[in-house]
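Residue-level listing of the chains:
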Amino acid sequence: MSQNKGSTYWAIHPGTKRWNWRVKPTKYSCPNPNCQSVFVWKRNLTSHLRYQCGQQPRFKCPYCDYMCKVKADIRKHIRVKHQDHDIYVIDIFQQWNKFQRSNDDDRIRFSCPNYNCSRAFSWKRNLTRHLKYECGLQPRFKCPYCDYYSKLKGNLKKHLIRRHKNRKAYVVDLIQGTS
């Protein structure tokens, strides 16, 4: 129940029956004259200007020549067009050295040495876990109640809690047996 009055409007306060003035959020428009994008949050405009507006496509499909500016769009493309393939993205601007400094801060980044993988980690132990359980490997853990597989035991435990409530929670490790 609201009545617009320019940039402010009357609205009923949640949980009470009192009316009070509310201010509409400011809209942030892209300053590029060829772009019609408008954002409610300033951080979204900043991200748009930094990574999308006027930029060349940065991410490439590893299975065809499709390229785009947003990594999530490549993942969606692979799920739709290349259904039987692993989902990973090639970042054509990424440098392929093992220790890479990010542009956002001065932390050392540990990049995966696999040329098909674009993952990078802030901690060496996370890279080690990635190489041991995830990168280029088939899922190791299986749900005992359905056909769900996972590369990480923790993800399977979350699956068991969400999907199979009121059942005994245990994990089938396809390499070492039941754990």
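The structure presented is a predicted model; accordingly, all values stated were derived computationally and were not measured. (Residues numbered from 1 in each chain as written. Predicted model: local features only at pLDDT ≥ 70, side-chain atom pairs only at ≥ 80, totals over all residues. Heavy atoms only, no water.)

Trainee: Hey, could you run me through the overall build of the protein chain in this one?
Mentor: In terms of regular secondary structure, the protein chain is built from 4 helices and 15 strands. Taken across its 179 residues, the protein chain has 23% of its residues classed as buried. For the protein chain, the proportion of contacts with a sequence separation of at least 24, taken over those separated by at least 6, is 15%. Looking at the protein chain as shown, the accessible area adds up to about 13,700 Å², and 50% of this sits on carbon and sulfur atoms. (Helix = DSSP H or I, 4+ residues; strand = E, 2+ residues; numbered from the N terminus. Buried < 20%, exposed > 50% of the residue type's maximum accessible area, 1.4 Å probe, protein only. Contact = heavy atoms within 4.5 Å. Areas by Shrake-Rupley, 256 points an atom, 1.4 Å probe, with all protein chains shown as cover.)

Trainee: Which parts of the structure should I look at to understand the side chain of Glu134?
Mentor: Structurally, Glu134 can be placed in helix 3 (residues 124-134). The class for Glu134 is buried, based on a relative accessible area of 14%. For Glu134, the contacting residues outside a window of four places in its chain are Arg119, Arg129, Lys151 and Leu152.

Trainee: What am I meant to see in the UniProt feature "domain: C2H2-type" (unreviewed entry) in the protein chain here?
Mentor: Here the UniProt feature "domain: C2H2-type" (unreviewed entry) sits at residues 28-57 and 110-139. Structurally, residues 110-139 comprises 37% helix and 13% strand, and the distance from its first C-alpha atom to its last is 23 Å. (UniProt positions renumbered as here; feature names shortened; annotations may be inferred.)

Trainee: Mind showing me how you'd approach the pattern of salt bridges here?
Mentor: Any two side chains of opposite charge can pair, so long as their charged atoms come close to each other. Tallied over the entire structure, the rule returns 2 salt bridges. Notably, a salt bridge pairs Glu134 with Arg119, separated by 3.9 Å at the nearest N-O pair. Of the two residues, Glu134 is situated in helix 3 and Arg119 in the loop between strand 10 (108-111) and strand 11 (120-121); the sequence distance between them amounts to 15 residues. For Arg119, a relative accessible area of 37% corresponds to the partly exposed category. The structure contains a network of salt bridges with shared partners spanning Arg119, Arg129 and Glu134. (Salt bridge = Lys/Arg side-chain N within 4 Å of Asp/Glu carboxyl O.)

Trainee: Is there a simple way to think about a nonpolar patch on the surface in this case?
Mentor: Where nonpolar side chains cluster on the molecular surface, the patch consists of Met67, Ile92 and Phe93 and spans about 270 Å² of accessible area. Of note, Phe93 is situated in the loop between strand 8 (90-91) and strand 9 (99-101). (Patch = residues over 30% accessible without salt bridge, like charges linked within 9 Å, V, L, I, M, F, W, Y side chains within 5 Å.)

Trainee: Would you mind showing me how to read unusual backbone geometry here?
Mentor: Among all residues save glycine, negative phi is the norm, and among peptide bonds the norm is trans. Residues other than glycine seldom take positive phi values, yet Asn166 does so here, at roughly 65 degrees. For Asn166, the location among the structural elements is in the loop between helix 4 (153-163) and strand 14 (172-173).

Trainee: Any chance you could explain the sheet that holds strand 8 here in plain terms?
Mentor: Strand pairing within a sheet occurs via backbone hydrogen bonds; the two strands may be parallel or antiparallel. The 3 strands lie next to each other as 7-6-8, forming an open sheet whose pairing is antiparallel. The strands lining the two open edges of the sheet, one partner per strand, are strand 7 (67-68) and strand 8. Pairing of strand 6 (residues 59-60) with strand 8, which is carried by 2 bridges, proceeds in the antiparallel orientation. By the bridge assignment for strand 8, Lys60 is matched with Ile90. (Pairing = 2+ DSSP bridges.)

Trainee: Is there a simple way to think about the environment of Lys27 in this case?
Mentor: Tracing the backbone through its elements, the reader meets Lys27 in the loop between strand 3 (19-23) and strand 4 (28-29). In this structure Lys27 comes out as exposed when scored by relative accessible area, which is 57%. Along the sequence, Lys27 and Phe39 sit 12 residues apart, while their C-alpha atoms lie 5.7 Å from each other. Apart from residues no more than four positions distant in its own chain, Lys27 is found in contact with Val38, Phe39 and Val40.

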